[in-house]
Amino acid sequence: MILRRVAATALSLVVVLLAGCSAAAAPAEPTASAPRVALSEVSPLADPKAYVGPSTATLDDAAIEPVLTSPSSQLPVTVTSHDLSGDAEVTVTDASRVIAMDLSGSLAATVAGLGFADRLVGRDISTTFAGVSDLPVITSSGHSVNAEAIIGLAPTLVITDGSIGPADVVQQLRDVGITVVFVERSSSFAGAVAQARAVAAIFGAADAGDLLAGRIEGELQTVTAQISRIAPAAESDRLRMVFLYLRGTSGIFYLFGSESGADDLIGALGGIDVAGQLGWRGMQPLTDEAMVAADPDLILVMTSGIASVGGIDGLLAEKPAIALTAAGQHRRFVDMADGQILSFGPRSAEVLDALARAVYAPDDPSDAASRAVPGEPGP
């Protein structure tokens, strides 16, 4: 119970921070890049640490392929809801009109990956995969839930992980008779696999959950094996990476440490998670001392985040300590769309694939995976 209260406090902090995002922070319908060669066929940089300039990671296809086109759904079903106040048994009798909401958009993506995209009647601001742009947005300010907007859509089921709220607003949904189920939050690749089965259980579709979980695991194994072939093998040659959360319009600058999801991402990319190495956990306010101590070779950011501070020039002017790092001196920033870069779910392997190209093969002429940061000249 104590751990759950701690988690709730941390999630509240996340909601406050991300409330600085505007509705325009991520495109509602991202466009796919041109077809690209297999990751195993790209020509990696001879020395990733020596590369100069920014790059952008893009998905080859913005759509989510369901594991089944018409999955069976056996209801009613009773599942454990992991409420922030404690576990509770919830019976789901109707999953015909669904809202799946969380910070990263991974829950709605998981619903789509299972084959239930047609059940979605609304979306949060982070749900940006192809086919959902016409759905009403149910978050009002950043990631703050608008209860009236949700109730107005008459959902029969709301699925969340507690990462957006406020909690009393979500509780209000239950008060008007809407079934609400909390799943464990997924901020890791292993969590994405577990989430596939958890969401499937809510629909009474265990078979679809096993299929999606198996697909995510298999794709992750494939892409991580490919990354290991293009990433430096020697510890001394591996890129030291950090993930910065930037919202210039709100004056928010945070460094993501262990247990934030960024550590899992960096590890899978074959990089060195500097924040974890230095013992930083969760989200830490960005300070000059922290950046100098970290001295990363490469900095991961969200696309709208780097844009919100005026691009790399604006960031270096606002935070001159970053200019003292290897990443700052080489202008080595890799950005990716807000609704993708930390979206652990059905597209986990695709996200890794795109980031690996932007990190290790940004100039491969046969590949269309990386471009200059918006407003930034290419290298």
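Our subject is the structure that appears above.
Attention here is on the structure that accompanies the text.

With that settled, consider the overall build of the protein chain. In terms of regular secondary structure, the protein chain is built from 15 helices and twelve strands. Within the protein chain, buried positions represent 56% of all 379 residues. Across the protein chain, the fraction of contacts at a sequence separation of at least 24, relative to all contacts at a separation of at least 6, is 73%. Of the accessible surface of the protein chain, which amounts to about 14700 Å², a share of 54% is contributed by carbon and sulfur atoms.

Below, the discussion takes up the nonpolar core. Within the largest apolar cluster, 76 residues are counted, with the highest numbers of intra-cluster contacts made by I159 and L355. With sequence-adjacent residues up to four places away left out, L355 is seen in contact with A57, L265, L269, L300, V334, M336 and I341. In terms of nonpolar packing, the next biggest core, distinct from the first, is built from 23 residues, A290, M291, I299 and I312 among them.

Compared with an ideal rise of 1.5 Å per residue, which puts 25 residues at 36 Å, helix 6 (residues 206–230) spans 37 Å between its outermost C-alpha atoms and is within 8% of the ideal. The secondary structure elements touched by the buried residues of helix 6 are helix 2 (106–114), helix 5 (189–202), helix 7 (262–268) and helix 15 (348–360).

Locating T325 in the fold gives a position in the loop between helix 12 (320–323) and helix 13 (326–330). Residue class for T325 comes out buried when judged on its relative accessible area of 1%. Residue contacts for T325: discarding those within four places in its chain leaves M291, D295 and P296.

Let us look at the sheet that holds strand 4 (residues 98–101). Judged by pairing direction, the sheet is parallel, and its three strands sit side by side in the order 4-5-6 without closing on themselves. Only two strands of the sheet have a single partner each, and these edge strands are strand 4 and strand 6 (179–182). Pairwise comparison of adjacent strand axes, ignoring direction, gives a mean angle of 15° for this sheet. Looking at chain direction, strand 4 and strand 5 (residues 157–160) are connected through four bridges and run parallel. Among the inter-strand pairings, M101 is bridged to a residue of strand 5, identified as T160. Sheet strands touched by helix 2: strand 4 and strand 5. Its angle to strand 4, the strand with the most contacts, is close to 135°.

We now examine the pairing of strand 3 (residues 86–92). Here strand 2 (residues 77–83) runs beside strand 3; their pairing, made up of seven bridges, is antiparallel. Along strand 3, the bridge assignment pairs T80 with E89. In this antiparallel pair of consecutive strands, strand 2 and strand 3, the connection spans two residues.

Below, the discussion takes up the environment of I178. On the secondary structure map, I178 appears in the loop between helix 4 (167–175) and strand 6. On the accessibility criterion, I178 (9% relative accessible area) is buried. Separated by 22 residues in the primary sequence, I178 and T156 place their C-alpha atoms 5.7 Å from one another. With sequence-adjacent residues up to four places away left out, I178 is seen in contact with I151, P155, T156, L157, V158 and L173.

Moving on, we get to the pattern of salt bridges. On inspection of all chains with the given rule, the structure shows eight salt bridges. With a shortest N-O distance of 2.6 Å, R174 and D83 are connected by a salt bridge. Of this pair, R174 sits in helix 4 while D83 sits in strand 2, and the two are 91 residues apart along the sequence. Where R357 meets D353, a salt bridge forms, and the shortest distance between an N and an O atom there is 2.4 Å. Separated by four residues within a single helix, R357 and D353 lie in helix 15, roughly one turn from each other.

Along helix 4, the residues that are buried comprise V169, V170 and L173. With its buried residues spanning 100° around the axis, helix 4 presents them on a single face. Structural note: helix 4 exposes A167, D168 and D175 on the side pointing more than 90 degrees away from its buried face. Looking at the buried side of helix 4, the elements it contacts are strand 4, helix 3 (147–152), strand 5 and strand 6. One or two positions beyond helix 4, positive phi appears at G177, with a value near 95°.

Put simply, helix 2 and helix 6 touch, their axes get as near as 9 Å, and they point 110° apart. One element, helix 2, and the other, helix 6, form an angle in the roughly perpendicular class. For the pair helix 2 and helix 6, contact is made by T110, G113 and L114 and by A208, G209 and L212, respectively. Classifying every residue of the contact of helix 2 with helix 6 by side-chain character gives three nonpolar, three polar and no charged.

The relation between two aromatic rings is expressed through the spacing of the ring centres and the mutual angle of the planes. Here the structure, examined in full by the defined rule, presents four aromatic pairs. Between the aromatic rings of F189 and F344, the centroid separation amounts to 4.9 Å while the plane-to-plane angle is 75°, which identifies the pairing as edge-to-face. Residue F189 is located in helix 5, and its partner F344 is located in the loop between helix 14 (338–341) and helix 15; the two are separated by 155 residues in the primary sequence. By the burial criterion, F189 is buried, and F344 matches it. Site record: aromatic cluster; members linked through ring pairs are F243, Y245 and F256.

Rules used in this analysis
Residues numbered from 1 in each chain as written. Predicted model: local features only at pLDDT ≥ 70, side-chain atom pairs only at ≥ 80, totals over all residues. Heavy atoms only, no water. Helix = DSSP H or I, 4+ residues; strand = E, 2+ residues; numbered from the N terminus. Buried < 20%, exposed > 50% of the residue type's maximum accessible area, 1.4 Å probe, protein only. Contact = heavy atoms within 4.5 Å. Areas by Shrake-Rupley, 256 points an atom, 1.4 Å probe, with all protein chains shown as cover. Core = buried A, V, L, I, M, F, W, Y, C linked by side-chain atoms within 4.5 Å. Expected span 1.5 Å × (residues − 1). Pairing = 2+ DSSP bridges. Axes fitted to C-alpha atoms, helices over the stretch in contact; angles between N-to-C directions. Salt bridge = Lys/Arg side-chain N within 4 Å of Asp/Glu carboxyl O. Arc of directions from axis to C-beta. Parallel < 35°, antiparallel > 145°, perpendicular 65-115°, else oblique. Nonpolar A, V, L, I, M, F, W, Y, C, P; charged D, E, K, R; others polar. Phe/Tyr/Trp six-rings, centres within 6.5 Å; stacked < 30°, edge-to-face > 60°.

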